[in-house]
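# Fold and contact review
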Amino acid sequence: MNNRGAKEIVKVAAGQGFWGDWLEAPRRQVEGGDIDYLMLDYLAEVTMSILQKQKERDPKMGYARDFIGAIESILPSIAKRGVRVIANAGGVNPPACADAVRAVAEKAGARKDIRVGVVTGDDLLPRLDELLASGHELRNMDTGEPLATVRDRVLSANAYIGSVPIVEALTRGANVVITGRSTDTALTMAPIRFEFGWGTEEWDKLAAGIIAGHIIECGAQCSGGNCLFDWRSIPDLADVGYPIVEAHADGTFEITKHPGTGGRISVPTITEQLVYEMGDPHSYITPDVIADFTSIQLAPAGPDRVRVYGIHGRPATDKLKVSIAYRAGFKAVGTLVYSWPDALDKARKADEVLRARLDHLGLKFDQLLTEYVGVSATHGTLAGPPHDVPEVQLRVGVRSPDRAGVERFTRELAPLVLNGPPSVTGFAGGRPKVEEIVAYWPALIDKRVVQTTVEVS
Amino acid sequence: MRVQLVDVAHARSGDKGDTANVGVIALRPEWYPLLEKYVTRDRVREHFRGVITGDVERYELPNLKALNFLLHGALDGGGTLSLKTDAQGKVFSTALLRLVLDIPDAEARQLGLPQARA
C-alpha cells in the first residue's frame, strides 16, 4: 500500500459477471474509454467443483479458460493504456492459469508487457483431513452438520479470501493478478484500496470498496440488464455498457459506464443490484470488513451516473467462509409439450400415468418434482387458474442417490408420446441426461489457519 | 382500495442455499412508508403459504426505499440439488409483486396510488 496520492479518481471496470458472461465485454471495457483496472469475476458457488473435476482429468486445467481468450483480446491495451487486470479466473489452479496467460502473451510477442501476480492458499482440499483432525469441524452453516458426514464425497474446499494478497500483488508490480476463490467484492475493493493506501482498520472506506464491488460484480445487472424498473425504456441492450466504478480517496464513489453504450445507470438500476442476494443488510460479512447496507446513500449525478456515499463498516470477524463442494447423488429432468384443447389436463394426466409406472417399477426417489411450464412453474399457486392456454410444458425431475433408478426414469418419458394422453410434442431432444449432483456446503474456519501466498513474475 | 404491489414497487431476487431473497423497492420514494406499513412479514408469510416450506424474515432499508425479505425453504433444497425451473429464486421477485393490498381510500388517494388492474 505504497501508492498513496498517485490518483484522484481510480476507475475499476467490470468485464465479466460470471463464467459464461458476454465474451465481448472485457475488450469493450478496455477500448471504450479510460479505465485503470479491469475486474473479471468468474466464480460462482459450484464453479470450483467443476474446475476440480477438470483438474483431476488434467493437472494443467482447473481454471476459467474464458479468461485466456479475454486476455488475448486485450493484450495490446494492457501494454498501451496501462490497464491492470484482476480476476479470480485461477479457480482451483491459479499457477496453471498464470502459465496459460504467459503463453498467450509470449505468442503475441507481448511477454515483456505482462507481469503476472498469482495468489494461492485458498485451496484447503490437500489439508482437509489435517484440519478435521485438529478440531476444525467445518459444520454446514445452514444445517449444522459436521463435514465428517460427507467427507468421503468432498470434491473441493476453498476459503474465501479478501483484498490483502491482491493488494500485495499490485504493490509488487503485477499488472495481471490471478486469484483462486477470492470474494467477488475483493476484486474491486483491492485496487481502490491499493491506490489510496487505505489501512486495515479504515472500516468505512473498506466497506465502501466492498459495496462498489457488490454493485459491479454481476456486470451489466446494474447497468440495465435484468432490470425490472421501466424495462421497456432501457435503451439499446444489444450494445449494453458494463459498469465502471470511479472511486475517490474519501470512500465515496460513482457508478457509470462508457459514453455511447446502451443500457442505463440510474438510482433504480443500482438499487435493484444492491438488494440482489442480500441477507441481513446490516451485516454484509467479508474477510476484510462488515459492510452496512442500511448506510448506503444514492444520488443521481448526471446521465448514466449515480453517486454513492455515506457508507459505514465495522471490524471483520475472525472467521473466513469456506466453500466446499461434495457429490450428492444424481438427478434428471425431462419435458414434454401438450397442446390445446385442454393442454393442462393432458399434461396432468401424463404426469399421473408416469408416476403410476414409476411406482409399478418400485422406483423410489428423494424428490420427484412436477412443474407445468406456462401455468405454474415459476409462481406456483400464486399464478391462479390458467385460461385456455395454447400449450403447456410438462417438466418432471427426479433426484436420488441411486444412479440406476434415475437412468430408468429417463426411459419412461418418451413412451408417453405414443402410449399416453394426446396432442403431445416437443421431445426431439431425446431422453433426459443423468447428471451427477455436486452440492454446496458452506462452512466457517478460523482466519489464522489460512495463509495466502503471492508470487509475481 | 385494492392496490397491487407490482404497481407501486419493483423488485429483484436471488438465492443463498435453500433461501430466496426478495428486495422490494418503492417506485416512488413517498410510497416507501406504505411498503413498511402494509407489506409486513405476516402478510408475506401468508402470501407464500404452500409455495415455500420455511419461515419469512423482513429487513428494512429506508435509505434505499426498500424492504428485503428472506424466504426460507423456497428452492427445493437450493443450488444444484433443486429440480425447480427457478432453482436460484430469480423470479420470486415477481411472485411477491402479485401481492394485493387493501389500503384505506383516503390514504390511497392522498398518495396517488394506482388501483389494482383486476
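That block above? That's the structure.
These remarks concern the structure in this document.

Reading the values: rules and limits
- Residues numbered from 1 in each chain as written.
- Chains lettered and ligands numbered in written order.
- Predicted model: local features only at pLDDT ≥ 70, side-chain atom pairs only at ≥ 80, totals over all residues.
- Heavy atoms only, no water.
- Helix = DSSP H or I, 4+ residues; strand = E, 2+ residues; numbered from the N terminus.
- Rg over C-alpha atoms; globule rule 2.2 N^0.38 Å.
- Contact = heavy atoms within 4.5 Å.
- Lys, Arg positive; Asp, Glu negative; His and termini not counted.
- Charge placed at Lys NZ, Arg CZ, Asp CG, Glu CD.
- Salt bridge = Lys/Arg side-chain N within 4 Å of Asp/Glu carboxyl O.
- Buried < 20%, exposed > 50% of the residue type's maximum accessible area, 1.4 Å probe, protein only.
- Axes fitted to C-alpha atoms, helices over the stretch in contact; angles between N-to-C directions.
- Left-handed = near helix turned anticlockwise from the far one by under 90°.
- Nonpolar A, V, L, I, M, F, W, Y, C, P; charged D, E, K, R; others polar.
- Core = buried A, V, L, I, M, F, W, Y, C linked by side-chain atoms within 4.5 Å.
- Domains from an automatic or database assignment.
- Parallel < 35°, antiparallel > 145°, perpendicular 65-115°, else oblique.
- Buried area = accessible area lost by both parts, 1.4 Å probe.

### What about the overall build of chain B?
Across its full length, chain B holds 4 helices and 6 strands. Along its sequence from the N terminus, chain B presents helices and strands in the succession β-β-β-α-α-β-β-α-β-α. For 118 residues, the compact-globule estimate of 2.2 N^0.38 gives 13 Å, and the C-alpha radius of gyration of chain B, at 14 Å, lies within 12% of that figure. Overall, the C-alpha framework of chain B stretches about 50 × 30 × 20 Å when taken along its three principal axes. Within chain B, counting contacts between residues at least 6 apart in sequence, those at least 24 apart form 63% of the total. Here chain B contributes 16 positively and 15 negatively charged side chains, and the mean placements of these two sets differ by 4 Å.

### Here's the deal with the pattern of salt bridges
With the rule as written, the count across this model stands at 37 salt bridges over all chains. One salt bridge connects A:Asp351 with A:Arg355, and the closest N-O pair in it is separated by 3.2 Å. Of the two residues, A:Asp351 and A:Arg355 both sit in helix α10 (residues 343-360), 4 residues apart, roughly one turn of that helix. Note that B:Glu60 is salt-bridged to B:Arg58, the shortest N-O span being 3.0 Å. Residue class for B:Glu60 comes out partly exposed when judged on its relative accessible area of 32%. Shared partners join several salt bridges into a network, and the residues in it are A:Asp318, A:Lys319, A:Asp446 and A:Arg448.

### Considerations on unusual backbone geometry
Following A:Trp340, the chain continues into A:Pro341 via a peptide bond in cis, with omega recorded as 0°. By secondary structure assignment, the location of A:Pro341 is in the loop between β14 (319-339) and α10. Although it is not a glycine, A:Asp342 sits at a positive phi angle of roughly 60°. Within the fold, A:Asp342 resides in the loop between β14 and α10. Although it is not a glycine, B:Asp76 sits at a positive phi angle of roughly 50°.

### Notes on the packing of helix α3 (residues 66-81) of chain A against helix α4 (residues 94-107) of chain A
All names here are of chain A. One can describe the packing of α3 onto α4 by two numbers: an axis separation of 10 Å at closest approach and a directional angle of 30°. Read as a crossing pair, α3 and α4 show a hand that is right-handed. Contact with α3, carried on its side by Phe67, Ile68, Ile71, Glu72 and Leu75, involves Cys97, Ala100, Val101, Val104, Ala105 and Lys107 of α4 and no other residues of that element. Partitioned by chemical class, the residues of the contact of α3 with α4 number 9 nonpolar, no polar and 2 charged.

### Some points on the nonpolar core
Residues and elements named next belong to chain A. Residues Ile215 and Phe253 are the most contacted members of the largest nonpolar core, which totals 75 residues. Per-element accounting of this core gives the leading share, 8 residues, to helix α8 (residues 203-216). Both domain 1 (9-122 + 160-317) and domain 2 (324-438) contribute no fewer than three residues apiece to this core. Once residues lying within four places of it in the same chain are set aside, the contact partners of Ile215 are Cys222, Phe253, Ile255, Ile270, Gln273, Leu274 and Val308. Counting residues in each nonpolar core, the second largest holds 37 residues, with Ala13, Leu43, Ala64 and Ala70 among its members.

### Describing the packing of helix α6 (residues 164-171) of chain A against helix α7 (residues 186-196) of chain A
All names here are of chain A. Interhelical geometry of α6 versus α7 gives an angle of 50° and a closest axis separation of 9 Å. Taken together, the axes of α6 and α7 lie oblique to each other. Considering how the two elements wind past one another, α6 and α7 form a crossing that is right-handed. Seen from α6, the contacting residues are Val164, Ile166, Val167, Leu170 and Thr171; seen from α7, they are Ala186, Leu187, Ala190, Pro191, Arg193 and Phe194. Looking at the contact of α6 with α7 residue by residue, the class counts come to 9 nonpolar, 1 polar and 1 charged.

### Looking at the side chain of A:His136
All names here are of chain A. Assignment of secondary structure puts His136 in the loop between α5 (128-133) and β5 (154-159). Classification of His136 as buried rests on a relative accessible area of 18%. In this view, His136 contacts Leu131, Ile445, Asp446 and Val449; residues no more than four positions away in its chain are not counted.

### Side note on the interface of chain B and chain A
In this assembly, 36 residues from chain B lie in contact with 47 residues from chain A. Of the roughly 3,500 Å² buried where chain B meets chain A, counting both sides, 58% is carbon and sulfur surface. It is B:Arg12, B:Thr80 and B:Leu83 in chain B that bury the most area against chain A; as a group they hold 24% of the surface buried on that side. Inspection of the region where chain B meets chain A yields 2 salt bridges.

Take it as geometry only, folks, not as evidence of what the structure does.
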